[in-house]
Structure formats: structure tokens, C-alpha cells
Amino acid sequence: MIDNILTVAEVDGFSAMVNQAENIVVTCHVSPDGDAMGAVLAFSHYLWRKGKKATPVVPNIFPDFLKWMPGTEQVKIYDKHEEEVGELLKAADLFVCLDFNEPSRLLNMENAVMASDAPKMMIDHHLNPADFCKWVLSRHEMSSTCELLFKVLAQVDGVENMTREEATCLYTGMMTDTGCFAYNSNRSDIYYIVGQMLEKGIDKDKIYRNVFYNYSPNRLKLMGYLLYVKMQHFPEYRASLMTLTREEQKRFAHKKGDTEGIVNMPLQINQSILSVFLREDTERNVIRVSLRSMDDFPCNSMAAEFFNGGGHLNAAGGELSCPMDEAEQIVKNAMKKYSALLKKK
Ligand SMILES: [Mn+2]
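Predicted model only: the values in this text are computed from it and were never measured.

**Quick look at the overall build of the protein**
The secondary structure content of the protein amounts to 13 helices and 12 strands. For the protein, whose C-alpha radius of gyration is 21 Å, the value lies close to the compact-globule estimate of 20 Å for 345 residues. A burial count over the protein gives 51% of its 345 residues as buried. When contacts within the protein are restricted to residue pairs at least 6 apart in sequence, long-range pairs at least 24 apart make up 65% of them. When the accessible surface of the protein is split by element, carbon and sulfur atoms take 49% of a total near 16,400 Å². Here the protein carries 38 positive and 46 negative side-chain charges, and the mean point of each set is 5 Å from the other.

Here it is in C-alpha cells:
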């Protein structure tokens, strides 16, 4: 059994907000990932099932590997149809904010959403939520927003009423935010939930294939090129570095999302602690920095100290405004500075 996630007062607050609303906008952070899309679509399906008028709205496009998800044809993309979607936002009398906890994560859509005085509801699993929602459920110990949302819907509406579509969307978010249950996934209730989803008839094997066996030939070639030609490995620091220029992205017909997750690959090297990926941005004249680590190596401190960024302990990012060779040198300096933590004890 899973414990109730909400207090009685929170259930009442949730129900009152949903019941009073006529025009609900369900939204998530910019550059939506599997968890964001899973939560937005599952919540929308739930509202539609309740006979509510609800529109899933995302700030910008979502990756092709999520297009198969049930309900994506209903999703409105703000930066593609600013005027039309802007009207929708104005007419909204409730915003459901999923998988983000501060308005700036809406990027270009922030002003339009914050200009509305319609009440907002937050369901999220990131640290340090900002204070902009009337009803807040913020649980950073949850593996994903989708896990949290499963618990909410199970409590307010009953698992027995959840549909296969809803479970499929929620499973997708749980799967993608845990790297297919490879990290952040040691709590047994996660598998209890998955068990219940299987009883709803989700095809978990197919969901996996839909999301991960969905590369373009170019993406696979780019992965091979990065690993074979571009990866530098520093055994003394148990660290790796990969770089990708604008010209190389062009050569592999790089599309948004093509380098997603690539930074994780060098961590598969035996004993690895740190992986750094530098990519020249194709829209702005900056180098995007991604860091991933194992165990307790603090990517976020390194990102803050060297790369004008921040993030989580094991996943952080930042950016640099300099040529690639200088950026590489900064990475090497950073590894040197953190050598006490990187070297084998
Ligand atoms: Mn998430």
C-alpha cells in the first residue's frame, strides 16, 4: 500500500480549485522532458475524464521521442502560436504548474502566465519552490513529478478510476526521470506503483522502445563520433570530457534533443566519477556546459565555481562565453581544483 500524500485539508483545497475552474491550463517547464510531458498529459486526461475544459500548454516544442504519448495532438505550443495561446492563457481560471517551481522556468511564457490573476496549483519535485501558487505540493524526495502525481490522483480520485492512458503518461515520466529505474529509485513504493500501472494495462516494454529506440541514424552516428573521436578520458581524475562544435552539429544534421543524455555515457567507464560535455549553442554565441557525476561528487559546486551555473549534486549545467579551446582549459582547471574529490582515495 502507498501512504496518502495529502492531508484532508489539501484534498479539500485541490478539489475546490478544480471544481470551481471552467478553463484550466495545464503547463510545465520550458524544453519539456518525459516527466514534464507525462505529468501534463496525465493531468489533462484526468480533467477531461471529469468533464472539464482543460488545455495542455507547453512553452516550446517537446522532443520527437515523446510524440507517441496519448494526448499530444491536443498540446498547444506557446512559442509557435503566441497570439492564439496567449488568448487561452488570458481566459484561464486555473493554472496547473507541473514539474517546475519557479515562474522563470516558463521562459518566454512567464509574463503571460504571471500577468493572470487566476489561481495556480503546483505539483513538483525540485528543491526550493518559489511562492507563486495558491496550492503547493512540493516533494523533492520523489523520483519524478509523475510519481507524485500518481499519488495525488490515486488519493483524490482512486486508482480504480485511473485510465490506461493516464497510467501510460505517468509511467513515462517515472521511467525517464530515473534513467529507467537506474537512479533515484530505491524506494519500494515506486515498484508498487509500477505494479498498479501494469494492472491498468500499460505496455511498459513498448513505452521503453517508444522513448529510447527512437534515434535518428544521425543521432547514433553522432554518439559514435563523440565517443570514438572526441572523448578525452583522464584516468587520474576518473573524469571524461567531450566537446561538440557548431560545425560538427551541422555535419550530423543535429536536431534539438539529439545530444540529450550523451553526457551520461562516459560515466559507464569503470570507476568514473565525472563527465563534462561542452557544446556550442546553435542559437546564442555561448558554450553550453553539462556535468554529471557519481556518488557524492558535487557537480553543482563545480558548475557554480567554474561555469556560471548550478544544479543538483549529480547533474548540473552552466555556460561559458569563450572559444572552445579556452573552455576546455577551464574544464581541466576545474578538474585540477577538485582533484582531491576526484582522485581515488
Ligand atoms: Mn522531473
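That shown, we press on.
**Details of the nonpolar core**
As a rule of thumb, nonpolar side chains are buried together in soluble globular proteins. F43, I123, L149, F150 and M197 are the most contacted members of the largest nonpolar core, which has 58 residues in total. When residues in this core are grouped by element, the largest group, 9 residues, is from helix α2 (residues 34-49). When residues no more than four places from it in sequence are discounted, the contact partners of F150 are I2, V159, M162, L170, I193, Q196 and M197. Formed by 27 residues, the second largest nonpolar core is a distinct cluster that contains L278, F306, C322 and V331.

**What about the packing of helix α5 (residues 145-157) against helix α7 (residues 188-199)?**
Packing of α5 against α7 brings their axes to within 11 Å, and their N-to-C directions diverge by 65°. In terms of orientation, α5 and α7 fall into the roughly perpendicular class. Handedness of the α5/α7 crossing: left-handed. The residues of α7 that touch α5, namely those facing E147, F150 and K151, are D189, I190, I193, Q196 and M197.

**Considerations on the packing of α5 against helix α6 (residues 164-177)**
Axis angle and axis distance: for two packed helices, these are the angle between their axes and the distance between the axes, and together they describe the pair. It is at 7 Å that the axes of α5 and α6 come closest, and there the two elements cross at 140°. From α5, C146, E147, L149 and F150 reach across to α6, where they touch C169, L170, G173 and M174. Looking at the contact of α5 with α6 residue by residue, the class counts come to 6 nonpolar, 1 polar and 1 charged.

**Here we look at the pairing of strand β6 (residues 135-138)**
Of the two faces of β6, the one lined by W135 and L137 is fully buried and the one lined by V136 and S138 carries no buried residue. Of the pairings in the sheet, the one linking strand β5 (residues 120-124) to β6 comprises 4 bridges and is parallel in character. In the strand pairing of β6, I123 is matched with L137.

**Description of the domain arrangement of the protein**
Domain boundaries in the protein define domain 1 (8-212) and domain 2 (217-342). A straight line from the C-alpha centre of domain 1 to that of domain 2 covers 29 Å.

**Section: helix α3 (residues 82-91)**
Among all positions of α3, only V85, G86, L88 and L89 are buried. For α3, the angular spread of buried residues about the axis comes to 160°, placing them on one side. Opposite the buried face of α3, at more than 90 degrees from it, the exposed residues are E83 and K90. Buried residues along α3 sit in contact with β1 (23-28), β2 (53-58), β3 (76-77), β4 (94-98) and α4 (110-114).

**Quick look at the sheet that holds strand β7 (residues 232-234)**
Read from one edge of the open sheet, 6 strands run β7-β8-β9-β10-β12-β11, paired in mixed fashion. Edge strands, defined here as strands with exactly one partner in the open sheet, are β7 and β11 (310-311). Relative to strand β9 (residues 274-280), strand β8 (residues 239-244) runs parallel, the two being bridged by 6 bridges. When the bridges of β9 are listed, T243 appears paired with L278. Relative to the sheet, helix α11 (residues 299-306) contacts β9, β10 (287-293), β11 and β12 (315-320), its axis offset from that of β12 by approximately 10°.

**Looking at the side chain of T176**
Within the fold, T176 resides in helix α6. A polar contact is formed between the side chain of T176 and the backbone oxygen of T172, at a distance of 2.9 Å. When residues no more than four places from it in sequence are discounted, the contact partners of T176 are G34, D35, Y183, V211 and F212.

**Considering the sheet that holds β6**
Strand order in the open sheet formed by 6 strands is β3-β2-β1-β4-β5-β6, with parallel pairing between adjacent strands. Taken across any chain shown, the strands that pair with only one partner, and hence form the sheet edges, are β3 and β6. Two elements, β2 and β3, share 2 bridges in a ladder whose sense is parallel. Bridge assignment links V57 to a residue of β3, and that residue is K76. Docked against the sheet, α5 engages β4, β5 and β6, running at close to 115° with respect to β5.

Definitions and cut-offs
Residues numbered from 1 in each chain as written. Predicted model: local features only at pLDDT ≥ 70, side-chain atom pairs only at ≥ 80, totals over all residues. Heavy atoms only, no water. Helix = DSSP H or I, 4+ residues; strand = E, 2+ residues; numbered from the N terminus. Rg over C-alpha atoms; globule rule 2.2 N^0.38 Å. Buried < 20%, exposed > 50% of the residue type's maximum accessible area, 1.4 Å probe, protein only. Contact = heavy atoms within 4.5 Å. Areas by Shrake-Rupley, 256 points an atom, 1.4 Å probe, with all protein chains shown as cover. Lys, Arg positive; Asp, Glu negative; His and termini not counted. Charge placed at Lys NZ, Arg CZ, Asp CG, Glu CD. Core = buried A, V, L, I, M, F, W, Y, C linked by side-chain atoms within 4.5 Å. Axes fitted to C-alpha atoms, helices over the stretch in contact; angles between N-to-C directions. Parallel < 35°, antiparallel > 145°, perpendicular 65-115°, else oblique. Left-handed = near helix turned anticlockwise from the far one by under 90°. Nonpolar A, V, L, I, M, F, W, Y, C, P; charged D, E, K, R; others polar. Pairing = 2+ DSSP bridges. Domains from an automatic or database assignment. Arc of directions from axis to C-beta. Polar contact = N/O pair within 3.5 Å; in protein donor to acceptor, adjacent residues only side chain to side chain.

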